Amino acid sequence: MFKNKCIVVGITGSIAAYKAIDLVSNLKKKGAEVHCVLTKAAQEFVTPLTLRTISQNPVITDLFSEPITWNVAHVGLAEKADLIMVVPATANIIGKVAVGIADDFLSTLIMASKAPLLFAPAMNHKMYQNPLVQRNIAFLQTHGSFFVGPASGALACGTKGQGRLIDTEIIMAQVEALLVPEKPLQGLKILITAGPTREPLDPVRFLSNYSSGKMGYALAKQAYLLGGNVFLISGPTNLKPFPGVHCQQIETALEMHEVVMEHFPDSQIVIKAAAVADFRPLENKTEKIKKGKEVPCLNLTGNPDILLELGKQKQGQTLVGFAAETEQPLVHAQRKVKEKNLDFIVLNDLTQPGAGFGTETNIVTFVFPDGRVEKLPKLSKMEVAQLILAEIIRQRSGLV
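All figures in this text were calculated on a predicted structure; none of them were measured in a lab.

Enquirer: Looking at this model, I keep getting lost on the packing of helix α4 (residues 91-99) against helix α7 (residues 131-142). Mind explaining?
Expert: Each pair of packed helices can be summarised by the angle the axes make with each other and by the distance between the axes. Two elements in contact, α4 and α7, have axes separated by 9 Å at closest approach and are oriented at 50°. Here α4 is positioned oblique relative to α7, judged by the angle of their axes. Between α4 and α7 the crossing geometry is left-handed. Where α4 approaches α7, its residues Ala-91, Ile-94, Gly-95, Val-97 and Ala-98 are matched on the opposing element by Val-133, Asn-136, Ile-137, Phe-139 and Leu-140. When its residues are assigned to classes, the contact of α4 with α7 shows eight nonpolar, two polar and no charged.

Here's what the structure looks like:
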């Protein structure tokens, strides 16, 4: 997503300017070509040398400095940029752009470019709430600019309120969304389940499985970047949902069943990537089971087959399931895709190194109701998520 993308980071005169250094570093690590522009005021807070070292490109500080190449610098960079972001964005730069002033390199660059423009405001909370600043922000949003933040909290001036630069993680998420111009899932509600469930035995023990939730969380991120309104239902994991993804945490299979059935009717796409426990203890003891001479007998009962119920109830939704198998994987997957009325099933053969639970990679096979099988090589879970969503988009577009 970031590879070969030219991103201009404009830094203006705010104490939060030091946070832009981390942002530039993250963009570089992801493969972007980063060019930094420092206003005169910004140079009071961070140095060109620091940003030149991290970005590995010359840092522009002056509209009239000698250009590195033959072209007019602000015009050349304006044409090359895939995205211009102003982090932090002061009330001053927001106001100048809103009224069309171009009196330094950054404002001139913005005026000369047709690239998406993202502002991350940072200022005193009373300044941010000023009607003139709010008018300028609203005007720029109406004319196609994007804003992320600010956050609320303690400010450098010693007060508290809305004016802090929002976390760079959230800024990065907005950048990713802007770098995906096509939004084929726009307007669609996408229900995704992820992670394991926990079935309690007593107050300190439970039955569960090795699912990390990484596959489901990757699907949620990619679906959001493609424009979807994503609702993620997650069992216990150590993961954070991608900013913009709505997430509801659950513990047990019965809780997951309840939430899924509540949201299924108004969802257009459902991807069941969670590893839901097939069984739960018949009795959940209220006191800890004590160790004795005899090993206690554990009585189990079945959990609802959520995917089977969805297949019976679906009315136009695209329904995708996962199958994690250790023996005769293809046979079991072909049975499940028909039995559960799925559009396709994603088969994990857990016997293959690099596939299944807890890994950063996956090796999957798409199995279709008509008997077609599409085997994929070992890929990252993000890449697998992209291919799953691409297949869903193809099917919904009638391209299969």
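Enquirer: What's the story with the packing of aromatic side chains in this structure? I'm lost.
Expert: Each aromatic ring pair is summarised here by two numbers: the centre-to-centre distance and the angle between the ring planes. Applying the stated criterion across every chain, the model contains four aromatic pairs. Taking the centre distance of 5.0 Å and the plane angle of 20° together, the rings of Phe-119 and Phe-147 count as stacked. Residue Phe-119 is located in strand β4 (residues 117-121), and its partner Phe-147 is located in strand β5 (residues 146-147); the two are separated by 28 residues in the primary sequence. Relative to Phe-368, the ring of Phe-344 lies with its centre 5.6 Å away and its plane at 40°, an arrangement referred to as tilted. Of this pair, Phe-344 sits in strand β17 (residues 344-349) while Phe-368 sits in the loop between β19 (364-367) and β20 (373-375); the two residues are 24 residues apart in sequence, bridging distant segments of the chain. Judged by its relative accessible area of 0%, Phe-344 is buried.

Enquirer: How should I be thinking about the sheet that holds strand β13 (residues 269-272) in this particular structure?
Expert: Through backbone hydrogen bonds, the strands of a sheet pair up, either in parallel or in antiparallel fashion. Pairing within the open sheet is mixed, and its eight strands lie in the order β12-β11-β8-β13-β16-β17-β19-β20. Edge positions in the sheet fall to β12 (246-249) and β20, since each of these pairs with one other strand and no more. Adjacent strand axes in the sheet meet at a mean angle of 15°, parallel and antiparallel pairs treated alike. With four bridges joining them, strand β8 (residues 189-194) and β13 adopt parallel strand pairing. What sits directly across from Ile-190, in β13, is Ile-269.

Enquirer: I keep staring at unusual backbone geometry and nothing clicks. Help me out?
Expert: Leaving glycine aside, a negative phi is the common case for residues, and trans is the common case for peptide bonds. Here Val-87 and Pro-88 are connected by a cis peptide whose omega angle stands at -10°. Residue position: Pro-88 is located in strand β3 (residues 83-89). A cis geometry characterises the amide bond from Gly-149 onward to Pro-150, with omega recorded as 5°. One can find Pro-150 in the loop between β5 and β6 (151-154). Phi at Gln-56 takes a positive value of approximately 60°, unusual for a residue other than glycine. Examined against the element boundaries, Gln-56 turns out to sit in the loop between α2 (48-55) and α3 (73-80). For Gln-56, a relative accessible area of 59% gives the class exposed. Non-glycine residue Asn-341 carries a positive phi angle of around 60°. By secondary structure assignment, the location of Asn-341 is in the loop between α12 (329-339) and β17.

What counts, and at which threshold
- Residues numbered from 1 in each chain as written.
- Predicted model: local features only at pLDDT ≥ 70, side-chain atom pairs only at ≥ 80, totals over all residues.
- Heavy atoms only, no water.
- Axes fitted to C-alpha atoms, helices over the stretch in contact; angles between N-to-C directions.
- Helix = DSSP H or I, 4+ residues; strand = E, 2+ residues; numbered from the N terminus.
- Parallel < 35°, antiparallel > 145°, perpendicular 65-115°, else oblique.
- Left-handed = near helix turned anticlockwise from the far one by under 90°.
- Contact = heavy atoms within 4.5 Å.
- Nonpolar A, V, L, I, M, F, W, Y, C, P; charged D, E, K, R; others polar.
- Phe/Tyr/Trp six-rings, centres within 6.5 Å; stacked < 30°, edge-to-face > 60°.
- Buried < 20%, exposed > 50% of the residue type's maximum accessible area, 1.4 Å probe, protein only.
- Pairing = 2+ DSSP bridges.

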